[in-house]
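Commentary on secondary and tertiary structure
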Amino acid sequence: MSWINKILKDMDLKKAKKYLVERRGDPLEAKPGEGGVTNVYFVVEALSDLVLRHEGGDDLTEINIAGYDVPVITDTKLDGAYRRTAIQQISYVFKEYADKIRSAIEDTLKQLMQTNDDKTKAIAIALLNKNLARLEILDKPYSCALRPYGVGGKQYITGLCRECPNCYLFGFAIPEEGGEGAKRVKVELEGSGTVSLEIGNYNVQSRVRGDLYPATAPSSMITGFRTHNAPDDVTKTTGQALITIRYVRAGSIFVGKLSYYDVSLNELILLLATLAKVPRIGAMWADYGRVRIHIPAILFADQEVGSGYEIAEKILDKELPKNNNKPLSLERVKEVIVNYVKEFKDLGYIYADRELSDRLFMLKREQMRDIVLNAWVDTIKLKVSYEHFTT
């Protein structure tokens, strides 16, 4: 853990852990309120032009803040990019270190089989036994993915494995159309009789709660129009392929906040590392969508505190006029966020470090291996908690 302490440089872990969960496989860990709320305040820096359209709307999503129309990134866009990045990072690690991860999962289940609670024992046995409800990840490749599909005019998502950190952090639902549902099994315990279980018969609500992510400058300052065309190879004309889009210029700054509910330290580190590595948001053409995410402040508390809207309002209403009505620099926006979060110091523990996201961004696969493995161990304990709490 020494290198993790270097990543979380100068964080008082004793104070932070007051608002985090220590995973033990206890059934009460499956219910809300076992830890606290980790409020993560961050900046999205556009490294290329962005196209922020939403389905059924214009090329640019805007809201009015402090009298200005400003572009916004919706939570659905960030959440999709965030979750896909989590799956990618887990996949990269699993591809190279599958044996280590499977060994850690098996060791965790074997430890839980030694508890004094018969139901916990039975669940651990079932998740290991090939004749009962053995975890697929112990024998098959990691194939978790977001696969949207439609049935009868309704949209669903399939492809989630319901066994990995991504699924238990971002949530999942029992397949409503097709797919594999719950498994009913009976486990024989020596000296205790038979324990009947229904494995996987529950939904998991996301522990990652989003926000609205507004720009810190008016649309009139940071947006433009561009015309694209696609010439026909035969006639050399554009025909119907001519299209004009409105985009947000590279260098634009957005602000926001994410709230992580009842997470462990291992889960928190995975979530922060993944957030710092989100590569693109919005339309992801070759020359659009690149971003870099910065995390200048975190507040550990018993409640959600603040919002991207309030930060943007403070910048547009007070800071923009001080800056000759020109967009604020990245470092100045970070400073505004830290000062904003300090207003809530009495609500919990504040960790402010403007270089945190740089350290997270530079994590190598070997370091991500430990982060993913530790988070997966906590996921298995959490899964056992859900099975216990809901069966």
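So, here is what we can say about the structure in this document. What you see is a predicted model, and the numbers here were worked out from it, not measured in a lab. (Residues numbered from 1 in each chain as written. Predicted model: local features only at pLDDT ≥ 70, side-chain atom pairs only at ≥ 80, totals over all residues. Heavy atoms only, no water.)

**Quick word on the overall build of the protein**
Cut-off, in case you're wondering: To qualify as a helix, a DSSP run of H or I must reach at least 4 residues; to qualify as a strand, a run of E must reach at least 2; elements of each kind are numbered from the N terminus. Remark: exposure states derive from per-residue accessible area (1.4 Å probe, protein chains only) relative to the maximum for the residue type, with buried under 20%, exposed over 50%, and partly exposed in between. What makes two residues a contact is simply this: any of their non-hydrogen atoms within 4.5 Å. To measure how exposed things are, a 1.4 Å probe is used in the Shrake-Rupley method; for residues, cover is taken only from the protein chains shown.
The number of helices and strands found in the protein is eleven helices and 14 strands. Per-residue burial over the protein gives 52% buried out of 391 residues. Counting contacts in the protein only where the partners sit at least 6 residues apart, residues at least 24 apart contribute 75% of the total. When the accessible surface of the protein is summed, it comes to about 18100 Å², and 46% of that surface belongs to carbon and sulfur atoms.

**Here we look at the nonpolar core**
One broad trend across soluble globular proteins is that nonpolar side chains are buried collectively. Short version of the rule: Buried residues of nine kinds, namely Ala, Val, Leu, Ile, Met, Phe, Trp, Tyr and Cys, make up a nonpolar core once their side-chain atoms join them within 4.5 Å.
Y260, I295, F300 and W376 are the most contacted members of the largest nonpolar core, which totals 100 residues. A total of 15 residues in this core trace back to one element, the largest contributor, which is helix α3 (residues 75-112). Those residues within four positions of F300 in sequence are excluded, and the remaining contacts are M11, A16, Y19, L20, V37, T38, L268, L347, G348, Y349 and Y351. Within the second largest apolar cluster, 24 residues are counted, among which are I65, V255, V305 and Y340.

**Comments concerning the state of the cysteines**
Heads up, the condition is: Note on terminology: disulfide denotes any pair of cysteine sulfur atoms within 2.5 Å.
Counted under the stated rule, the structure contains zero disulfides. In this structure C144 is a free cysteine whose sulfur lies 3.6 Å from that of C167, the closest cysteine sulfur available. A residue is classified by how much of its surface remains accessible, and C144, at 5% relative accessible area, is buried.

**Some points on the pairing of strand β6 (residues 183-189)**
Heads up, the condition is: Two strands form a pair only when DSSP identifies at least two bridges running between them.
Looking at chain direction, β6 and strand β7 (residues 193-199) are connected through seven bridges and run antiparallel. Counterpart to K183 in the pairing with β7 is I199. Linkage of β6 to β7, two consecutive antiparallel strands, is achieved through a turn of three residues, within which G191 is found at a positive phi near 80°.

**Observations regarding the pattern of salt bridges**
Let me state the cut-off plainly: For salt bridges, the criterion is a side-chain nitrogen of Lys or Arg within 4 Å of an Asp or Glu carboxyl oxygen.
For the structure shown, the criterion picks out 18 salt bridges. Among the ionic pairs, R226 bridges to D49, the shortest N-O distance being 2.9 Å. One end of the pair, R226, is in strand β10 (residues 223-228); the other, D49, is in the loop between β1 (37-46) and β2 (62-65), and 177 residues separate them in sequence. R226 sits in the partly exposed class, given a relative accessible area of 27%. We note a salt bridge from D358 to R292, for which the minimum N-O separation is 3.0 Å.

**With respect to the sheet that holds strand β14 (residues 348-352)**
Here is the rule we go by: Each axis is a line fitted through C-alpha atoms, and for a helix only the stretch in contact is used; angles between axes span 0 to 180 degrees, taken between their N-to-C directions.
Read from one edge of the open sheet, five strands run β8-β12-β1-β13-β14, paired in antiparallel fashion. Among the strands making up the open sheet, the edge pair consists of β8 (208-209) and β14. In the packing of helix α7 (residues 265-276) onto the sheet, the strands contacted are β1, β8, β12 (253-261) and β13 (291-301), and the crossing angle to β13 comes to about 150°. Helix α8 (residues 308-322) contacts β1 and β12 of the sheet and is inclined by roughly 150° relative to β12.

**Focus: the sheet that holds strand β3 (residues 68-73)**
With antiparallel pairing, three strands are arranged side by side in an open sheet as β2-β3-β9. Strands at the two margins of the open sheet, each flanked by one partner only, are β2 and β9 (213-214). With two bridges connecting them, β3 and β9 associate as antiparallel partners. Counted as the bridge partner of V72 is P214 from β9. Relative to β2, α8 is tilted by about 55°, and along the sheet it contacts β2, β3 and β9.

**Some remarks on the packing of aromatic side chains**
To keep it simple, the criterion reads: Note on ring pairs: Phe, Tyr and Trp rings are taken, using the six-membered ring of Trp, and paired if centres are within 6.5 Å. Classes follow the plane angle, with under 30 degrees stacked, over 60 edge-to-face and the rest tilted. Comment: the charge-over-ring label is applied if NZ (Lys) or CZ (Arg) is within 6 Å of the ring centre and within 35 degrees of the ring normal.
This structure, assessed with the given rule, holds twelve aromatic pairs. Judged by centre distance (5.2 Å) and plane angle (20°), the rings of Y202 and Y386 are stacked. Of this pair, Y202 sits in the loop between β7 and β8 while Y386 is found in helix α11 (residues 365-390), placing the two residues 184 residues apart along the sequence. By relative accessible area, which is 5% here, Y202 ends up buried. The ring centre of Y97 lies 5.1 Å from the NZ or CZ of R369, which sits over that ring.

**Re the environment of F94**
On the secondary structure map, F94 appears in helix α3. Judged by relative accessible area, F94 falls into the buried class, the value being 5%. Along the chain, F94 and V372 lie 278 residues apart, while their C-alpha atoms are 8.6 Å from each other. Non-local contacts of F94, meaning those with residues more than four positions away in its chain, are made with I101, R102, I137, K140, P141, Y142 and W376.

**Examining helix α9 (residues 330-342)**
This is how the line gets drawn: Helix span, expected: 1.5 Å multiplied by one less than the number of residues in the helix.
Between its terminal C-alpha atoms α9 stretches 19 Å, which fits the 18 Å expected from 13 residues at 1.5 Å a residue. Listing the buried residues of α9 in full gives L330, V333, K334, V336, I337, V338, Y340 and V341.

**Some points on unusual backbone geometry**
Even without being glycine, D10 reaches a positive phi, approximately 65°. Assignment of secondary structure puts D10 in the loop between α1 (2-7) and α2 (13-17). If you check the backbone angles, N325 has positive phi at about 55° while not being a glycine. Mapped onto the elements of the fold, N325 is located in the loop between α8 and α9.

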